[in-house]
Amino acid sequence: MTFRQLVAGSVHDAAPALVGWTLLVDGVGGRIVEVEAYAPDDPASHSFRGKTARNGVMFGPPGRLYVYRSYGIHWCANVVCEQPGTAAAVLLRALEPTHGLDRMRGRRGVTEARLLCSGPGRLTQALGLTGADDGADLSLPPFELVPPAARATVDATPRIGITRAAEVPWRFVERGSSWSSRARRAA
DNA sequence: CAGTGGATGCTCT
DNA sequence: GAGCATCCACTGT
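So, here is what we can say about the structure in this document. (Residues numbered from 1 in each chain as written. Chains lettered and ligands numbered in written order. Predicted model: local features only at pLDDT ≥ 70, side-chain atom pairs only at ≥ 80, totals over all residues. Heavy atoms only, no water.)

**Thoughts on helix 4 (residues 120-127)**
Given 3.6 residues per turn, any residue in an α-helix points the same way as the ones three and four places further on.
Working step 1: Of all eight residues in helix 4, six are buried; the element is thus mostly enclosed.
Working step 2: Turning to helix 4, the residues buried within the fold contact strand 1 (22-25), strand 2 (28-38), strand 4 (74-81), strand 5 (88-99) and helix 3 (101-108). (Buried < 20%, exposed > 50% of the residue type's maximum accessible area, 1.4 Å probe, protein only. Helix = DSSP H or I, 4+ residues; strand = E, 2+ residues; numbered from the N terminus. Contact = heavy atoms within 4.5 Å.)

Structural data, given as structure tokens:
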């Protein structure tokens, strides 16, 4: 399954399938260990009330980055899925850092590996992603997506930090990973 | 530790 | 003018 094929399908299939892929931006990044699905007709999705200047990329072709500013401070990055017009995306919530840790440390201003990419705002800062990357094609440099050797084992849980449709289990975490944004108590 | 609140800006009502 | 798909520092145990 190629990246292009994966993101062209339903976001409900694509989101868990993206866990385990390695995302690199200019050679810096890591293994995707936590994502959330934002589906068409999903009250928690930015696209729910129709196309606007901010969410326009969500309505376009799959495999693009949708980047938006969160709480006035952070950037959050999504992978657009499904066919043009459907407006679905996968929020990247955490990576296990594997490549370019020193560049991430420089951008983040912290040294502890656990704090580099464990959270959507941290992840974008570590990879250097901003609103300037909104709409970028993830199949072209400087982006690189490397499939996992074997499909990861994934747990589904409720999404984080939302109020509407908070009960559907559309957050997907690699089982046993200690790099997710809510792994503080995990063994 | 756990819980709380401030920072900060943009989008949409 | 409200409400965020967040993070971090600070409080009180």
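**As for the layout of surface pockets**
Working step 1: Its boundaries defined by the atoms lining it, the largest pocket holds a volume of some 820 Å³.
Working step 2: What lines the largest pocket is a set of 39 residues, and nearest its centre among them are His46, Tyr68, Ser70, Tyr71 and Cys76.
Working step 3: Secondary structure elements with two or more residues in the lining of the largest pocket: strand 2, strand 3 (65-70), strand 4, strand 5 and helix 4.
Working step 4: The element best represented in the lining of the largest pocket is helix 4, accounting for five residues. (1 Å grid on protein atoms, 1.4 Å probe; cavity = no way out; pocket = protein on both sides within 12 Å on 5 of 7 lines; lining within 4 Å. Points joined across faces, edges and corners; volume = space filled by probe spheres on them.)

**A few points about the side chain of aspartate 133**
Working step 1: With respect to the secondary-structure elements, aspartate 133 resides in the loop between helix 4 and strand 6 (143-146).
Working step 2: In contact with aspartate 133, not counting residues within four places along its chain, are Leu65, Val67, Gly128 and Phe143.

**Section: the pairing of strand 3**
Within a regular beta strand, the side chains point alternately toward one face of the sheet and then the other, so they alternate between its two faces.
Working step 1: With five of its six residues buried, strand 3 lies for the most part within the structure.
Working step 2: Here strand 3 runs beside strand 4; their pairing, made up of six bridges, is antiparallel. Pairing of serine 70 across the sheet is with histidine 74, part of strand 4.
Working step 3: Remark: three residues form the turn of the hairpin made by strand 3 and strand 4, two consecutive strands paired antiparallel; tyrosine 71 in that turn has positive phi of roughly 50°. (Pairing = 2+ DSSP bridges.)

**Considerations on the side chain of asparagine 78**
Working step 1: Relative to the assigned elements, asparagine 78 resides in strand 4.
Working step 2: Excluding anything up to four places from it in sequence, asparagine 78 contacts Arg64, Leu65, Tyr66, Tyr68, Ala89, Val90 and Leu91.

**Quick notes on the nonpolar core**
Working step 1: Ranked by internal contacts, the top residues of the largest apolar core, which has 39 residues, are Phe3, Val35, Val79, Val90 and Leu127.
Working step 2: Ranked by size, the runner-up nonpolar core spans twelve residues in total, among them Tyr38, Ala44, Ala89 and Ala165. (Core = buried A, V, L, I, M, F, W, Y, C linked by side-chain atoms within 4.5 Å.)

**A short note on the protein's contact with DNA strand C**
Working step 1: Around DNA strand C sit 19 residues, and of these His74, Asn78, Gly121, Arg122 and Gly161 come closest.
Working step 2: Sugar and phosphate atoms constitute 60% of the interface atoms of DNA strand C, taking the interface as everything within 4 Å of the protein.
Working step 3: With respect to DNA strand C, the side chain of histidine 74 contributes an N or O atom lying 2.8 Å from a sugar or linking oxygen.
Working step 4: A distance of 3.4 Å is found between a phosphate oxygen of DNA strand C and a backbone nitrogen or oxygen belonging to glycine 161.
Working step 5: For the surface near DNA strand C, the secondary structure elements donating two or more residues are strand 3, strand 4, strand 5 and helix 4.
Working step 6: The dominant element in the surface near DNA strand C, judged by the number of residues it contributes, is helix 4, at three residues.
Working step 7: Among the residues forming the surface near DNA strand C, the class breakdown is eight nonpolar, eight polar and three charged. (Near = heavy atom within 4 Å. Polar contact = N/O pair within 3.5 Å; in protein donor to acceptor, adjacent residues only side chain to side chain. Nonpolar A, V, L, I, M, F, W, Y, C, P; charged D, E, K, R; others polar.)

**Focus on helix 2 (residues 11-18)**
Working step 1: Buried residues dominate helix 2, accounting for six of its eight residues.
Working step 2: Buried-residue contacts for helix 2 involve helix 1 (3-8), strand 2, strand 4, strand 5, strand 7 (154-157) and strand 8 (171-174).
Working step 3: Here helix 2 starts with a cap whose side-chain oxygen sits 3.1 Å from the backbone nitrogen of histidine 12, and that cap is serine 10.
Working step 4: Downstream of helix 2 by one or two residues, glycine 20 has phi in the positive range, about 105°.

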